[in-house]
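# Residue-level structure breakdown
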Amino acid sequence: MTKGFTDIHQHLVYGVDDGPKTFRKSCAMLQMAQENGVKRIIATPHVEPGVNDFDTESFLKKLERMRQYSEQQGIDVELLPGAEIFYTAQTCEFLMENRIPTLAGTQYVLVEFLPDVRYQQIWDAAENLLRSGYIPILAHVERYKCLVSRPQNAYELKERLKIRYQMNCSTVVHGKGLLVNRFCKKLLQNGLIDAVASDAHNIDTRPVRLMEAYRILEERYGAAYAQNLTGASGGLLFSL
């Protein structure tokens, strides 16, 4: 059985993006995460470097308030800072100036793009991040048409740049259509997915579903890989 999940992609903190708007709603998400077997959350608000201002100080204060609530309520879930970064030309500069957080203060960064991003744009962004000393984790890899329509692109990124791939729990649980499902199955069967995370925004339409996703992954791909994907193998996901 699992030792508790690590959720590396969750919009837990209130009032910073399109996630929960109030402290109470954040608390409800935290309680749901605990019920789902989550032991560790990296809070990843949306950040668009150089496009929209992001108040890192306010985010960290709110995260600390969530930690205090967790301790007071006896909720055994570790909370760490991070960000889901929409890649822009200013991303590396902002990271090096500590203006936006990496995942749990490590060299790993969770990055996203528009669904119709060109393959070369992902490649160039990954190269820039690596050159700047960061390891890119591509958020919800199943969303990008340039990879889904040409899986060899996903293989090439992984082989040549060692980029990491994160898949959403909702995709594992519900699927996203024939083409996406085939793409996801191929990557999972070949061990190319590095993490499955909730990308939770609330408790209703986009909830934490790690337990359900884990059970499906365990049945289809085995316990060892399911535990690695969800950070439940006893070690820390990505050695964070």
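What you see is a predicted model, and the numbers here were worked out from it, not measured in a lab.

## Here we look at unusual backbone geometry
At Lys-162, a residue that is not glycine, the phi angle is positive and equals roughly 60°. Mapping Lys-162 onto the fold places it in the loop between helix H6 (151-161) and strand S8 (164-168). Of note in the backbone geometry, Asp-199 takes a positive phi value of approximately 50° without being a glycine. Within the fold, Asp-199 resides in the loop between strand S9 (195-197) and helix H9 (210-221). According to the relative accessible area criterion, Asp-199 is buried, its value standing at 3%.

## Describing the environment of Leu-161
Within the secondary structure layout, Leu-161 lies in helix H6. Setting aside chain neighbours within four positions, we find Leu-161 in contact with Trp-123, Ala-126, Glu-127, Leu-130 and Glu-156.

## Notes on the nonpolar core
Counting 74 residues, the largest nonpolar core has Leu-147 and Ile-193 as its most contacted members. Once residues within four sequence positions are removed from consideration, Leu-147 is found in contact with Tyr-119, Ile-122, Leu-138, Val-141, Asn-153, Ala-154, Leu-157 and Phe-183. Core analysis: the second largest hydrophobic core is formed by 11 residues, Ile-8, Leu-110, Ile-137 and Ala-195 among them.

## What to know about the packing of H9 against helix H10 (residues 223-230)
Relative to each other, H9 and H10 sit at 145°, their axes nearing to 7 Å. As for the relative orientation of H9 and H10, their crossing is right-handed in sense. Counting all contacts with H9, which are made through Leu-210, Tyr-214, Leu-217, Glu-218 and Tyr-221, the residues of H10 involved are Ala-223, Tyr-225, Ala-226, Gln-227, Leu-229 and Thr-230. The residue inventory of the contact of H9 with H10, partitioned by class, reads eight nonpolar, two polar and one charged.

## Examining the pairing of S8
Taken across its five residues, S8 has four buried, putting it largely inside the fold. Bridge count between strand S7 (residues 135-138) and S8: two bridges; the pairing is parallel. Bridge pairing links Ile-137 to Arg-164 in S8. With three bridges connecting them, S8 and S9 associate as parallel partners. When the bridges of S9 are listed, Gln-166 appears paired with Ala-195.

## Overview of the sheet that holds strand S3 (residues 46-47)
Strand order in the open sheet formed by six strands is S3-S5-S6-S7-S8-S9, with parallel pairing between adjacent strands. This sheet does not close on itself; its edge strands, each paired only once, are S3 and S9. Across the sheet, helix H4 (residues 119-131) is in contact with strand S6 (108-112) and S7; its angle to S7 comes to roughly 145°.

## Here we look at the side chain of Glu-142
Secondary-structure assignment places Glu-142 in the loop between S7 and helix H5 (145-148). A distance of 3.1 Å separates a polar side-chain atom of Glu-142 from the backbone nitrogen of Asn-168. Within polar-contact distance, the side chain of Glu-142 engages the side chain of Thr-171 at 2.6 Å. Ignoring anything within four residues of it in the chain, the contact list for Glu-142 reads Val-148, Gln-166, Met-167, Asn-168, Thr-171, Val-180, Phe-183 and Cys-184.

## Notes on the sheet that holds strand S2 (residues 38-43)
Within the open sheet, the three strands sit side by side as S1-S2-S4. Their pairing is parallel. Looking at the sheet topology across the chains shown, the edges are occupied by strand S1 (5-10) and strand S4 (78-81). Strand-to-strand twist of the sheet, defined as the mean angle between neighbouring strand axes without regard to direction, takes the value 20°. Note that S1 and S2 share four bridges and pair parallel.

## Looking at the pattern of salt bridges
Evaluated as defined, the whole model comprises 11 salt bridges. Among the ionic pairs, Arg-206 bridges to Asp-199, the shortest N-O distance being 3.1 Å. Residue classification places Arg-206 among the partly exposed positions, given a relative accessible area of 30%. Of the charged contacts in the structure, one is a salt bridge between Arg-209 and Glu-212, with a shortest N-O distance of 2.7 Å. Residue class for Glu-212 comes out partly exposed when judged on its relative accessible area of 36%. Here the residues in one salt-bridge network are Arg-143, Asp-199 and Arg-206, joined through shared partners.

Basis of the calculations
Residues numbered from 1 in each chain as written. Predicted model: local features only at pLDDT ≥ 70, side-chain atom pairs only at ≥ 80, totals over all residues. Heavy atoms only, no water. Helix = DSSP H or I, 4+ residues; strand = E, 2+ residues; numbered from the N terminus. Buried < 20%, exposed > 50% of the residue type's maximum accessible area, 1.4 Å probe, protein only. Contact = heavy atoms within 4.5 Å. Core = buried A, V, L, I, M, F, W, Y, C linked by side-chain atoms within 4.5 Å. Axes fitted to C-alpha atoms, helices over the stretch in contact; angles between N-to-C directions. Left-handed = near helix turned anticlockwise from the far one by under 90°. Nonpolar A, V, L, I, M, F, W, Y, C, P; charged D, E, K, R; others polar. Pairing = 2+ DSSP bridges. Polar contact = N/O pair within 3.5 Å; in protein donor to acceptor, adjacent residues only side chain to side chain. Salt bridge = Lys/Arg side-chain N within 4 Å of Asp/Glu carboxyl O.

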